[in-house]
Amino acid sequence: GQPRPRPPPPKAAAEISRSVSGGNTVWFGWETKPGYAYDSYTLVGSCSSFEIHPEENYGILTMASDVSLTIRFRELPTHTVRIVNDAEDYGTCDKDGVNTVYEGDTFSFQLVPAAGCMVQGVEIVPSDGATLTGGSDGNYSLVMGEEDVTVYVFFGPQPGHPINVTVDPPDSGSWTIT
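All of the points below concern the structure found in this document. (Residues numbered from 1 in each chain as written. Predicted model: local features only at pLDDT ≥ 70, side-chain atom pairs only at ≥ 80, totals over all residues. Heavy atoms only, no water.)

### Digging into the overall build of the protein chain
Applicable threshold: Numbering of helices and strands runs from the N terminus; a helix is a DSSP stretch of H or I covering at least four residues, while a strand is a stretch of E covering at least two. Here the term buried applies to any residue with accessible area under 20% of the maximum for its type, exposed to any over 50%, and partly exposed to those in between, with areas from a 1.4 Å probe on protein chains only. Residues are treated as being in contact if the distance between any of their heavy atoms lies within 4.5 Å. For every accessible area listed, the method is Shrake-Rupley and the probe measures 1.4 Å; residues are considered covered only by the protein chains on display.
Of regular secondary structure, the protein chain possesses zero helices and 14 strands. Counting helices and strands in the order they occur from the N terminus, the protein chain gives β-β-β-β-β-β-β-β-β-β-β-β-β-β. The buried share of the protein chain, reckoned over its 178 residues, is 28%. Counting only contacts in the protein chain whose residues sit at least 6 apart along the sequence, the fraction spanning at least 24 positions is 59%. Counting only carbon and sulfur atoms, one obtains 48% of the accessible surface of the protein chain, whose full area is about 11,200 Å².

See below:
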């Protein structure tokens, strides 16, 4: 037969339990609250078939008798992403400072260079465990690893734009641009 449409997910909870009469095929789904992830299930009773797809938040079971299904969730650890921009005259970040992110979640931020300036680089410390993507349009995404990170953003003048340096008082010193 044709697959049945997935049911709407129930309200999120730390644990969901439902009982259904035997002989029926049941699609079940759940919604995971932010900060939680699927952990495990317990099935009590007899099923002629059982599928669970935690990455898609649903499952299907055909019961041979009455069953009780419990879905359990685990709380995700949180970590901090600290954004450091020491050149605010050259550009800004929409998420400057300390941000709290759940492990495995995506943290997005935008870098906006000032007029005549550009993003010269972005560095994550420590660099292992966190994955940074994007950047061509100033939008970056960071998939949070298992530890706190600091993101250093570097802005500077675009090549070919003049930099005005004044020595004051005149003839009191010199300057060099490298």
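From this point, the discussion proceeds with the structure in view.
### Section: the sheet that holds strand β2 (residues 25-29)
We apply this condition: When DSSP finds two or more bridges between a pair of strands, those strands are recorded as paired. Think of each axis as a best-fit line through the C-alpha atoms, taken over the contacting stretch in the case of a helix, with angles from 0 to 180 degrees between the N-to-C directions.
Read from one edge to the other, the open sheet built from three strands follows the order β2-β5-β4, with strand pairing classed as antiparallel. Among the strands making up the open sheet, the edge pair consists of β2 and β4 (47-53). Sheet twist, expressed as the average angle between the axes of neighbouring strands with direction ignored, equals 10°. Across five bridges, the pairing between β2 and strand β5 (residues 58-63) is antiparallel.

### Here we look at the nonpolar core
Applicable threshold: Put simply, a nonpolar core is a bunch of buried Ala, Val, Leu, Ile, Met, Phe, Trp, Tyr and Cys residues held in one set by side-chain atoms that sit within 4.5 Å of each other.
Counting 16 residues, the largest nonpolar core has V81, I83, F109, L142 and V151 as the members making the most contacts within it. Among the secondary structure elements, those contributing two or more residues to this core are β7 (78-85), β10 (106-113), β13 (139-143) and β14 (149-157). No other element matches the four residues that β14 contributes to this core. Here F109 is in contact with I83, C93, D94, K95, L132, G138, N139, Y140 and V151, once residues within four sequence places are set aside. Counting nine residues, the second largest nonpolar core, distinct from the first, contains F28, L69, I71 and F73.

### Brief notes about the sheet that holds β7
The four strands lie next to each other as β9-β7-β14-β11, forming an open sheet whose pairing is mixed. Edge positions in the sheet fall to β9 (97-102) and β11 (117-125), since each of these pairs with one other strand and no more. Each strand of the sheet is rotated relative to its neighbour by a mean of 25°, with strand direction disregarded.

### Some words on the side chain of N99
Stated precisely, the cut-off is as follows: Within 3.5 Å is the distance limit for a polar contact, defined as a pair of N or O atoms, with the added protein rule that one can donate a hydrogen and the other accept it, and that residues adjacent in sequence qualify only through two side-chain atoms.
Take N99: it is sitting in strand β9. Within the structure, N99 has its side chain in polar contact with the backbone oxygen of K95 (distance 3.0 Å). Reaching out from N99, the side chain makes a polar contact with the backbone oxygen of G97 at a distance of 3.3 Å. For N99, the residues in contact, after removing those within four places along its chain, are H79, T80, V81, I83 and F107.

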